[in-house]
Every structure is written in C-alpha cells, then in structure tokens.
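If you want the building blocks of each chain, they are given just below.
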Number of protein chains: 2
Amino acid sequence: MSLTRYHWPELSLTEQQRVLLRPAISDTTALRRTVDDIIATVRSRGDAALRNYALQFDGVRLETLRVSQSEFDAAAEALSPIQRDAIEQAADNIRRFHAEQLPQPIAIDTRQGMRCERISQPLERVGLYVPAGTAPLPSAALMLSIPAAIAQCPVRVLCAPTNADGNIDPAILFAAQVGGVRDVFKAGGAQAIAAMAYGTESITKVNKIFGPGNAYVTAAKAAVADDPLGAAQDMPAGPSEVLVIADAGAQPEDVAADLLSQAEHGKDSQVLLIALADAPIDAIVSATEEQLARLPRQHIAAAALANSAIITVESIDSAIEVSNLYAPEHLILNVEAARQYLPQIRNAGSVFLGPWTPESLGDYCSGTNHVLPTYGYANTFSGLGVDQFMRHMTVQEASAHGLQQIGPVAVTLAELEGLEAHAQAVRTRLARLTT
Amino acid sequence: MSLTRYHWPELSLTEQQRVLLRPAISDTTALRRTVDDIIATVRSRGDAALRNYALQFDGVRLETLRVSQSEFDAAAEALSPIQRDAIEQAADNIRRFHAEQLPQPIAIDTRQGMRCERISQPLERVGLYVPAGTAPLPSAALMLSIPAAIAQCPVRVLCAPTNADGNIDPAILFAAQVGGVRDVFKAGGAQAIAAMAYGTESITKVNKIFGPGNAYVTAAKAAVADDPLGAAQDMPAGPSEVLVIADAGAQPEDVAADLLSQAEHGKDSQVLLIALADAPIDAIVSATEEQLARLPRQHIAAAALANSAIITVESIDSAIEVSNLYAPEHLILNVEAARQYLPQIRNAGSVFLGPWTPESLGDYCSGTNHVLPTYGYANTFSGLGVDQFMRHMTVQEASAHGLQQIGPVAVTLAELEGLEAHAQAVRTRLARLTT
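## Observations concerning the overall build of chain A
A count of helices and strands for chain A gives 16 helices and 14 strands. The principal-axis extents of the C-alpha atoms in chain A amount to approximately 90 × 60 × 45 Å. Taking all 435 residues of chain A together, the buried fraction comes to 61%. Contacts in chain A between residues far apart in sequence, at least 24 positions, make up 75% of those at least 6 positions apart. Surface summary for chain A: the accessible area is close to 15,700 Å², and the carbon and sulfur share equals 50%. Of the side chains in chain A, 32 bear a positive and 48 a negative charge, and the two mean positions are spaced by 10 Å.

Dropping the structure here:
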C-alpha cells in the first residue's frame, strides 16, 4: 500500500505546498458539451427527454416519473424495522441540530425614526438531488430534506436515479418521506438537474438545487447556476476528503477505519494522516492494509489511498497548522484532550473530537450536516445548513422625523458621488416637511 | 420620454413574462478573453503588471501601489467637516445594523453524550473592490468595510482605481479609514481583482472578493471564483434596479425622483413603476420629465428610462404579485399603510416602506447594506451582511456512552449504503467498549 510519508519540518515551503495541493480536477470541456446537450434536450422536450435518457443510460422504461404513494408504502415495507428505526433516529438528531439554526429576525432603530429590519424567508422552490451511483445514499436524502423542511420551503422536489428495475432505492424513498418530501421523481444525472432547473410537465421548476453527484451532475449544476433563468446551486463540488490528526493514544484500528471510510467513497477521495512523533504509525499502516483487504469496495479505497499521504509533525500546533492550511472537509482530532485545541482550528468543514467520534457519526446521525465544502473551499464556504434554504430581505422605514434626522446625510453623500437624483429624492420630501 | 405603459390584467401570461424579463446581458465572450489575459499577466508579473495597466488604461504613472498614511491624512483634509460628518454618521448607522447580524454559536446534545456545535469564524482574508468609474463611490467603501470589520476578518484589503492625478478619491479613502481598512491599494478593473485573487508583491492574496464594478470587474470576479486557487465572490452581478409601487397618495415628485435615482446609476438600470388605478400617473410622468431635464447625468438616466415601464394594476395584491414575480433589488412601497403589506412581500433585496423612505436612504445611511442581489437573483440570494464575511464550522464530540447510543444507527445506515469501512469505524470502537 502506497501511503507516502513526509516529515513536515524537513520539507521546503514549496514542497509543503505541493504535498497539500489537491490533484487538479480533470478537464471537463468535453463533459460540459455533453451536459449542455442534455440540458438543451430536457428544456425542449421535457418529460419525454427524461424517459429517453432513462432508457438510453439505464435501460429502464419509465411510465410515470413521479413516485406514487403505493411506491412509498412498498419502500417502507422493503426495509426492516431496524433499518426504518435507524433512518428515523438519524432524522431526529439532524432535525434537533438544524432546528437551532433558524435565523432570528432583526429589528432596530439605527436613529430615532429610522427603523431597519432583516427578515428571513424560505426559498420558494428547492430541488434536492440524491445520487445512487456506486451506492444509494439515503443519508443524503435526510441531509437535504430536513433543513429544507425546517426552513419551510413551500416546494421541495427530490430527484434520484432508479435501479435496473425502474425503482428508486427503498431506503432513499423512506428517508425522503421521513424528511417530509412528497414530490419525488425518477430522474438521475444531468437530466435531473436540467429538469429541476427549468421544469418539465411533471417536475416543477425550482430556484436552487442542492446535493452531491458525479461529474455530470456537478457540471450540470454549475451550468444551470450560470444561467440567470436556471437555478442557483448549494456550493462548488469536489472529491471528498478527510484529515486525521493522531497522537500516541490513537487506536491504530480506529484510525485505519477512519482513513478507509473516506477512501471507500471514491477513487478521487483524499486522505491525509497527520501523525505526531509518538503516534503508532506502523501499526496504523498495518491495520489499514488488513482492513482494506476485507473491504467490498477495496479497489476504490486502494485507488484513493494511492493519492494519499502520511505527514509526520513534531507538535500538535504544527499538526493544526497543516490542517488550517489544507482546509479539510472533515477533520478528525484523535488526540488526547482534543477539545482544548478547538479554538485553534480554522477552515474545516466539520470537526470530529476525540477517540469516540468517527467521521461515520457525522456522515449519518450525529445531527450535523454531511454536505460540506471540499477541495479547499472550506476556507470560504460553510457546510449545508438551514440558512442556505432561506434568504434575508432587509427593510427600512423612516418616519418624517427620521428623514429629517438622516436625510441631510444622504444628500451630502449623494452630492459627493455626483448622483443628483439620489439627493433630489430626499430633498423633494424634506421640502414638504419644512414648509 | 418613453416609459411604456402596460395594463397588467390585459396582458396574457406570456406578455406578462415578457414585460418582466430583464434584457439579456450582452455576450461577454470577447470581454472574457481580455479579462483572462489581464489575469494571466497579473499572475505572472505582479505589481509591474498593475503599474503597466495603470499607465495603459488610466495614463497614470504609479510608484507605490499602497496608500500611505500621509495620503489618508490628505484625503481627510480634502473633505469638508460636513462631508466627513456625513460619512461618519452613515458608518455609525451601518455599524449598528450590521452588529446585530453576528451569528450566535450553537451547541446542543442531540442525544446524551452526543455533542453537536456550530462555530462561526471570520474569513481570514477578504478583498474589497470600490469602483470609481462614472462616479467615485465612498458609500461602497462603507458597505464593504464595515461588515468585514464586524466579522473581524483579520486581513482586509481594499482596491480602488485612481483619478487622473494618480490618487484615489479622498471620500473613498476617508470612508475606508472610517470602516477600519488600512491596506488600501491603487488598482482598478480586472487587474485589481486578479491581484487580490492571486496576490502580488504588494497585495496580499485573499480568499473572497466583495464589491460592485463594471463588466470587466464582474467578469474577472466570476473567472477567479471559478478557479479553486482563486477567490470566491460575494454574489452574481447584474444591472441595478428598482420597482416602485405607488397609490393615490404618492407624491408625484417623490416617485419621479425615486425612479430617476435608479435610472441615473447606469444606462442598463431597470426601473419599474407599478401604479394602482388611482395613482397620479400623468403627474409622475411629467415630474420625471421635468426632473430629468435638470440632471447632470441626464443622458444616462434617459437611456435607462427607455428600457423601463409603467404597469398599471387593479389592486395592491396584484402589485405585490408583480413585484414577487420580478424579484426586484429595491422595492419601494409608496402606498398608504405600507407596513401592513410587508408579510406578503417575497424575493426583494431591500424594501423601503412608506412616503418618507426614498431608496437613497438605503443607498447611503439607513444602516442596511446597499450591496444587493439584482437581475432576479433576489429570489435566492441575500444582500450583503456580516454572514458573507464569515463561515460556519460544525463540531461533534461523542462520549463513549454517546457512541454506544447512536453508533448502531451509523452501522445500520452504512450497511444500507454498502459502505463497510464506515461501519467498521464504529465497530472497532464499540468493540473496545463492550469487552
């Protein structure tokens, strides 16, 4: 197994930058052309285009695109009570944490008679995309639908591709239902994104599209977000990644499983282990090899590990500095008294503290959202939350007295900027108050 | 004057959509090539490129790009006490309103032993762009620098073009200083955006760039935002716009000045008047013509009015429906008891209530931010606020007991998704707790 090792203090600044550089995302020009074609076809032919693509790409003949109540019922029955309970418990925790995120309205008088407010409103129509490529992802259905429900977005549409039988994975359907989404459609890939961005006979046009996906989905989300008549997107996408900081007390098999649980996501996943000098590095490497050999997605995880690295450092401060530079999507602090280092952490999507908090908890059921900024975007973007399903609108109301107070300020500034009509809009009003 | 009139109930659905359609933004392919060249040149040649462009585009020979303390001092002295006071009063109101926007940390136990938190942190390095094309905009310097200061972004860089003497407008410099920005550089256009996105010898590389600008600035912001090694941008840009709803009580000269204060921004500004049946439409049109004739920026305002329209409606509900469909950047509700309609308003950037609240107040000094979503983006984006200068990071920490509680949920979901290493990361830990 080829986890390259580097000793941070021995690297030059350029070498340090190179080690932390993500692999370039391959050129997507050709892919973008395909996606543009798909979008144009869906815009002109609507549902018929979606049916054609389902036949062409998935070999599936679909009559109705909308999932019926009887299909929802069958999905619930296809799951075991333990599986249903797990989805409901995860949903419950996600709901608790996201309910705390509802923004409070703001209303203050900045001057006497000058009322200023900020009102938060749900986006009117949102589209949720749940992929089911190498694996169906019911957890994504929860992570998208629950904040949309808490934000109270009136229209919530969810699209997911079908399996070979022409059905959406039952766990996805059950999770969507638990998350309060009833408008679920059988559509996957770029064509699903196009359908939600522009609408079809069956699928309502939405204002913003959320959720992960493959390169086609990612390109389609970017394309429709570039079009003012399309739909905004949640955040730029990139391969998933984890950075684990481990010290002497970290259990090798735990660290190995954490590294592998990132690696098994996709061949382009990024895995970094930052090991303090006394961390059991060799034991971690052995445990990783052993566990890898038993994984069903071994070929994916092995490919991801080939791009990954172990960086040894001489202090926890140095480990955190590396993490802050890298800006990981997930950061696992598997060190003693992990919480005490939290104030130093910057630029991470989600942080996992201590020996008992594997990334899997955040992926599924701790309550935090697993849709997180990756590829270094964690230094500017936040993980998904209720706020991305809402918008703020500011409001101001001046009384006659308020205008008399601050109107002259506006006039002076308008004159400074040479914007005479701006000054005039205040003067015409003030003139009536002083006569 | 060519304000076209439409009577809303007489229009077909298609005609209604056409009337509210923004003019297409002209093809920017050629412009984008120019901008890409500028970006590449700044990346390779740094400060030297900025000096060359200043000479080439503005005919200005710059020695130092950074504004010195003596230049700040000279700028303050160049303003009158009334002007300085206006900038300070505006800053004070903006500060009051934006201070309310600081996000509160969240910390809850979603289950016993399962701690979940959300921590908000300032972006580390932000770039602020203040244009000074047809007019210098000190108000933009306030609107950008104050939320950045409240968010406590450690590095705040501001770029603005110089006038023909090689100096930045004194009001912009004074406003930047009042807004707490000390790192101000003489650079404008696409080259300033490139410098902030990638850094030069003088200018620190930033993570995100904020602020308005011309087509070159807009294209450059989009280009560097597309590059993961560049810098994110605040929001997509478009021409500025206002929608005024007026009833019988609206004073014609006030409405005229409000329409014109939008129209004077740029030839591509959009102005819509939604008039209730009893509104003094003819008097508004006459007042607009009269005021237009006296405006220094008459040619700009006249061009903007040529793209604009008066839409007559039969009820306030219908007026609000039109506004919600259009999603205006600015909405002026110049009607009786305006506040009672606020709960019906959706998709506006900022709302101005009642007869005494011209848009100029929000542009300068009510306290709200004047950087707002336009071109229909108000249905998904929010105006600028402190939150865009910050990022949220989630944190979770399970105790051993917490992991025993919810670990099995994660295992069940990981199995449903076929992600065995995810399950393993929980199982290896649970194994130690049960033995």
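## Things to note about the interface of chain A and chain B
Across the contact, 120 residues belong to chain A and 120 residues belong to chain B. Summed over both partners, the interface of chain A with chain B comes to about 10,600 Å²; 60% of that surface belongs to carbon and sulfur atoms. Summed over the shared surface of chain A and chain B, the result is 14 salt bridges. Between R111 of chain B and D92 of chain A there is a salt bridge whose closest N-O contact spans 3.1 Å. Taken together, the connections running from chain A to chain B amount to 69 residue pairs in polar contact (both at pLDDT 80 or more). Class assignment for the residues of the side of chain A that touches chain B results in 59 nonpolar, 36 polar and 25 charged. Bridge count between strand 13 (residues 350-353) of chain A and strand 14 (residues 390-398) of chain B: 3 bridges; the pairing is parallel. Across the sheet, F352 of chain A pairs through a bridge with Q396 of chain B, a residue of strand 14 of chain B.

## What to know about the relation of the copies chain A and chain B
Superposing chain A onto chain B takes a rotation of 180° combined with a translation of 0.0 Å along the rotation axis, leaving an RMSD of 0.0 Å. What we have between these two chains is a two-fold relation. By C-alpha distance to the rotation axis, the residue of chain A lying nearest is P103 of chain A, at 4.3 Å. Both copies contact each other with a shared surface, as 100% of the interface residues of chain A are interface residues in chain B too.

## Notes on the sheet that holds strand 12 (residues 330-334) of chain A
Taken in spatial order, the 9 strands make up an open sheet running 1(A)-11(A)-10(A)-9(A)-12(A)-13(A)-14(B)-3(B)-2(B), and their pairing is mixed. The two strands at the open ends of the sheet, each matched to only one other strand, are strand 1 (4-7) of chain A together with strand 2 (106-111) of chain B. For this sheet the average axis-to-axis angle between neighbouring strands, irrespective of direction, equals 20°. Direction of pairing for strand 10 (residues 270-276) of chain A relative to strand 11 (residues 309-313) of chain A: parallel, over a ladder of 5 bridges. In the strand pairing of strand 11 of chain A, L272 of chain A is matched with A309 of chain A. Along the sheet, helix 5 (residues 81-99) of chain A contacts strand 2, strand 3 (114-122) and strand 14 of chain B; its crossing angle with strand 2 of chain B, the most-contacted strand, is approximately 160°.

## Quick word on the pattern of salt bridges
All told, the structure shown has 38 salt bridges over all chains when counted by the stated rule. Linking K221 of chain A and D234 of chain A is a salt bridge whose minimum nitrogen-to-oxygen distance equals 2.7 Å. Here K221 of chain A, found in helix 9 (residues 215-226), pairs with D234 of chain A, found in the loop between strand 8 (232-233) and strand 9 (241-246); they are 13 residues apart in sequence, far enough to count as distant. Assessed through its relative accessible area of 4%, K221 of chain A is described here as buried. Salt-bridge contacts for R429 of chain B lead to D254 of chain A; the nearest nitrogen and oxygen are separated by 3.8 Å. Of this pair, R429 of chain B sits in helix 16 (residues 420-434) while D254 of chain A is found in helix 10 (residues 252-263), placing the two residues in two different chains. Residues R429 of chain B and D254 of chain A agree in their burial class; the two are buried.

## Some words on the side chain of E117 of chain A
Of note, E117 of chain A is situated in strand 3 (residues 114-122). Within the local environment of E117 of chain A, its side chain forms a polar contact with the side chain of R339 of chain B, the two groups lying 2.6 Å apart.

## Thoughts on the packing of aromatic side chains
Residue and element names in this part refer to chain A. In total, this model carries 6 aromatic pairs over all chains according to the counting rule given. Note on Y377 and F381: the rings are 5.7 Å apart at their centroids and 85° apart in plane angle, and the pair reads as edge-to-face. By relative accessible area, which is 26% here, F381 ends up partly exposed. Taking NZ or CZ as reference, R22 lies 3.6 Å from the ring centre of Y326, over its face.

## Brief notes about the environment of L292 of chain B
Residues and elements named next belong to chain B. With respect to the secondary-structure elements, L292 resides in helix 11 (residues 281-293). Exposure remark for L292: the relative accessible area of 10% places this residue in the buried category. Distance in space between the C-alpha atoms of L292 and Q177 is 35 Å, their sequence separation being 115 residues.

The rules behind these values
- Residues numbered from 1 in each chain as written.
- Chains lettered and ligands numbered in written order.
- Predicted model: local features only at pLDDT ≥ 70, side-chain atom pairs only at ≥ 80, totals over all residues.
- Heavy atoms only, no water.
- Helix = DSSP H or I, 4+ residues; strand = E, 2+ residues; numbered from the N terminus.
- Buried < 20%, exposed > 50% of the residue type's maximum accessible area, 1.4 Å probe, protein only.
- Contact = heavy atoms within 4.5 Å.
- Areas by Shrake-Rupley, 256 points an atom, 1.4 Å probe, with all protein chains shown as cover.
- Lys, Arg positive; Asp, Glu negative; His and termini not counted.
- Charge placed at Lys NZ, Arg CZ, Asp CG, Glu CD.
- Buried area = accessible area lost by both parts, 1.4 Å probe.
- Salt bridge = Lys/Arg side-chain N within 4 Å of Asp/Glu carboxyl O.
- Polar contact = N/O pair within 3.5 Å; in protein donor to acceptor, adjacent residues only side chain to side chain.
- Nonpolar A, V, L, I, M, F, W, Y, C, P; charged D, E, K, R; others polar.
- Pairing = 2+ DSSP bridges.
- Least-squares fit on C-alpha atoms with pLDDT ≥ 70 in both.
- Axes fitted to C-alpha atoms, helices over the stretch in contact; angles between N-to-C directions.
- Phe/Tyr/Trp six-rings, centres within 6.5 Å; stacked < 30°, edge-to-face > 60°.
- Lys NZ or Arg CZ within 6 Å of the ring centre and 35° of its normal.

Shape is all these values report; function is a separate question.
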